[in-house]
Amino acid sequence: MKFTTALTALFVGAVTQLVSAAPAVAPVEDKRDVWDPKMTYPHAGVVWKYGQKHNVTWETADQPKQITNSNGFILLRSEDDETPVLLAWNFDVRVGYVEVTVPPVLTGQNYSLVLFGDSGNWGDQFTIEGPITL
Ligand SMILES: *[C@@H]1O[C@H](CO)[C@@H](O)[C@H](O)[C@H]1NC(C)=O
Ligand SMILES: *[C@@H]1O[C@H](CO)[C@@H](O)[C@H](O)[C@H]1NC(C)=O
């Protein structure tokens, strides 16, 4: 009985040590991995026409040394709650830009892009002149 208790105490002690040792390592990596790249283009006031090519750009100077997922994608969103359009994918967010072709969407002043990679990021609202204006 006493032997079992001693073993249990040893076991609990070991587990406690494991548990208390684990968090000391993990959060440091997590903090480094969080990155919200600031989109620099398109910015407010920009007008895109459908069919044009543009470089979407974002700041890279503040990027962490290690990124868990450098594979980015960009969504085009309107404020009307329409299904977002996948504008670019499979590019390296560390590069800071990706060329996109403006899709044939309805003309509107309240479009914005969302850049995903390590973390999500919304850009300014801008205008797209599409083939059809409602
Ligand atoms: C985007 O940037 C790349 C690299 O600077 C350049 O080669 C390309 O022509 C640019 N595309 C547009 C649409 O400006
Ligand atoms: C939509 O864009 C127009 C023109 O830029 C602006 O006046 C209006 O406030 C925007 N609407 C919203 C909900 O942001």
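Placed above this text is the structure.
Asker: Would you mind showing me how to read the nonpolar core here?
Answerer: The tendency in soluble globular proteins is for nonpolar side chains to be buried side by side. Formed by 22 residues in total, the largest nonpolar core has its most connected members in W48, V56, W58, I74 and L113. Among the secondary structure elements, those contributing two or more residues to this core are β3 (53-58), β4 (71-78), β5 (85-92), β6 (97-101), β7 (108-116) and β9 (126-129).

Asker: I keep staring at the pattern of salt bridges and nothing clicks. Help me out?
Answerer: Between side chains of opposite charge, a pair can form when the charged atoms approach closely. If you walk through the whole model with that rule in mind, you get two salt bridges. Measuring nitrogen to oxygen at the nearest pair gives 3.4 Å for the salt bridge that ties E129 to K49. Note that E129 is positioned in strand β9 and K49 in strand β2 (residues 47-49), a separation of 80 residues in sequence. Relative accessible area serves as the criterion here: at 44%, K49 is assigned to the partly exposed category. Put simply, D92 and R94 hold a salt bridge, and the shortest N to O gap is 2.9 Å.

Asker: Just checking my understanding: could you explain the pairing of β6 for this structure?
Answerer: Strand residues, when the strand is regular, have side chains that alternate between the two faces of the sheet. The alternating pattern of β6 places V98 and V100 on a buried face, while none of Y97, E99 and T101, on the opposite face, is buried. Judged from the five bridges that link them, β3 and β6 form a sheet pairing that is antiparallel. Directly across from V56, in β6, lies its bridge partner V98.

Calculation criteria
- Residues numbered from 1 in each chain as written.
- Chains lettered and ligands numbered in written order.
- Predicted model: local features only at pLDDT ≥ 70, side-chain atom pairs only at ≥ 80, totals over all residues.
- Heavy atoms only, no water.
- Core = buried A, V, L, I, M, F, W, Y, C linked by side-chain atoms within 4.5 Å.
- Buried < 20%, exposed > 50% of the residue type's maximum accessible area, 1.4 Å probe, protein only.
- Helix = DSSP H or I, 4+ residues; strand = E, 2+ residues; numbered from the N terminus.
- Salt bridge = Lys/Arg side-chain N within 4 Å of Asp/Glu carboxyl O.
- Pairing = 2+ DSSP bridges.

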